[in-house]
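What follows is the residue order along each chain.
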Amino acid sequence: MGKNTLADSNEEFGLLETETTISVGSRTVTLQSNPTTGTYLVVHDWQADEPLSTTLVTTVAAILEADISELPPLFDRVDSDALDQIFGPVESTGLDRESGCVTFPYSGCLLTVHGDGEIWIQTQPDTPAST
């Protein structure tokens, strides 16, 4: 089975219509979104100093227009250290991983993390994220 492309993901999640920038630690990243479908995309930079967990929580907070301190701990849903180990660069070569994904719920959203750094987030209806 081949790797999904951004075009494949756009077909599955709906075309992304808008772009905004958010601060993740010491860097700025682009958050693409389709507010009609409640779908968002951000790309984690595996070479950055910030861990994946920072990108995840910061992005969800931006989507929900909430303060990070208002969100539940990420470790209640997923082992963030394990995510970094599974998807981070291969230690022996330093090369980025390009395959694999994991999906889990967090704070009214459904997050899908891909090995290439893409993080797709869908707000879930009938949760606080939809207000």
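Anyway, here's the lowdown on the structure attached to this text. What you see is a predicted model; the values in this text were computed from it and never measured.

Reading guide: rules and limits
- Residues numbered from 1 in each chain as written.
- Predicted model: local features only at pLDDT ≥ 70, side-chain atom pairs only at ≥ 80, totals over all residues.
- Heavy atoms only, no water.
- Helix = DSSP H or I, 4+ residues; strand = E, 2+ residues; numbered from the N terminus.
- Contact = heavy atoms within 4.5 Å.
- Areas by Shrake-Rupley, 256 points an atom, 1.4 Å probe, with all protein chains shown as cover.
- Pairing = 2+ DSSP bridges.
- Axes fitted to C-alpha atoms, helices over the stretch in contact; angles between N-to-C directions.
- Buried < 20%, exposed > 50% of the residue type's maximum accessible area, 1.4 Å probe, protein only.
- Arc of directions from axis to C-beta.
- Polar contact = N/O pair within 3.5 Å; in protein donor to acceptor, adjacent residues only side chain to side chain.

Let's talk about the overall build of the protein chain
Then, in step 1: Looking only at helices and strands, the protein chain has 3 helices and 6 strands in total.
Then, in step 2: Order of helices (α) and strands (β) in the protein chain, N terminus to C terminus: α-β-β-β-α-α-β-β-β.
Then, in step 3: The long-range share in the protein chain, meaning contacts at least 24 apart out of those at least 6 apart in sequence, stands at 45%.
Then, in step 4: Accessible surface, the protein chain as shown: approximately 7500 Å² in total, 49% of it carbon and sulfur.

A look at the sheet that holds strand 5 (residues 109-114)
Then, in step 1: The 6 strands lie next to each other as 1-2-3-6-5-4, forming an open sheet whose pairing is antiparallel. Whereas interior strands pair on both sides, the edge strands pair on one side only; in this sheet they are strand 1 (18-24) and strand 4 (101-106). If you compare each strand with its neighbour and ignore which way they point, the axes differ by 25 degrees on average.
Then, in step 2: Pairing geometry for strand 1 and strand 2 (residues 27-34), over 7 bridges, is antiparallel. The residue of strand 2 that forms the bridge with threonine 20 is leucine 31.
Then, in step 3: Strand contacts of helix 2 (residues 52-64): strand 1, strand 2, strand 3 (39-43), strand 4, strand 5 and strand 6 (118-123), with the helix running at about 35 degrees to strand 6, the strand carrying the most contacts.
Then, in step 4: Each of strand 4 and strand 5 is contacted by helix 3 (residues 80-87), which is oriented at about 160 degrees to strand 4, the strand it contacts most.

Focus on the pairing of strand 4
Then, in step 1: Note: strand 4 against strand 5, 6 bridges, orientation antiparallel. Paired with cysteine 101 across the strands is histidine 114, a residue of strand 5.
Then, in step 2: Here strand 4 folds back onto strand 5 in antiparallel fashion, the turn holding 2 residues, of which serine 107 has a positive phi close to 50 degrees.

Some details on helix 3
Then, in step 1: Listing the buried residues of helix 3 in full gives Ser80, Leu83 and Phe87. Taken down its axis, helix 3 places every buried residue within 50 degrees of arc, on the same side. Looking at helix 3, the residues exposed on the side facing more than 90 degrees away from the buried face are Asp81 and Gln85.
Then, in step 2: Its buried side turned inward, helix 3 meets helix 2, strand 4 and strand 5.
Then, in step 3: Here helix 3 starts with a cap whose side-chain oxygen sits 3.0 Å from the backbone nitrogen of aspartate 81, and that cap is aspartate 79.

Section: the environment of isoleucine 63
Then, in step 1: Assignment of secondary structure puts isoleucine 63 in helix 2.
Then, in step 2: Residue classification places isoleucine 63 among the buried positions, given a relative accessible area of 12%.
Then, in step 3: Considered as a pair, isoleucine 63 and threonine 123 are 60 residues apart in the sequence and their alpha carbons are 8.6 Å apart.
Then, in step 4: What isoleucine 63 contacts, discounting residues up to four positions off in sequence, is Leu31, Tyr40, Ile121 and Thr123.

Interpretation note: all reported values are geometric properties and have no functional meaning in isolation.
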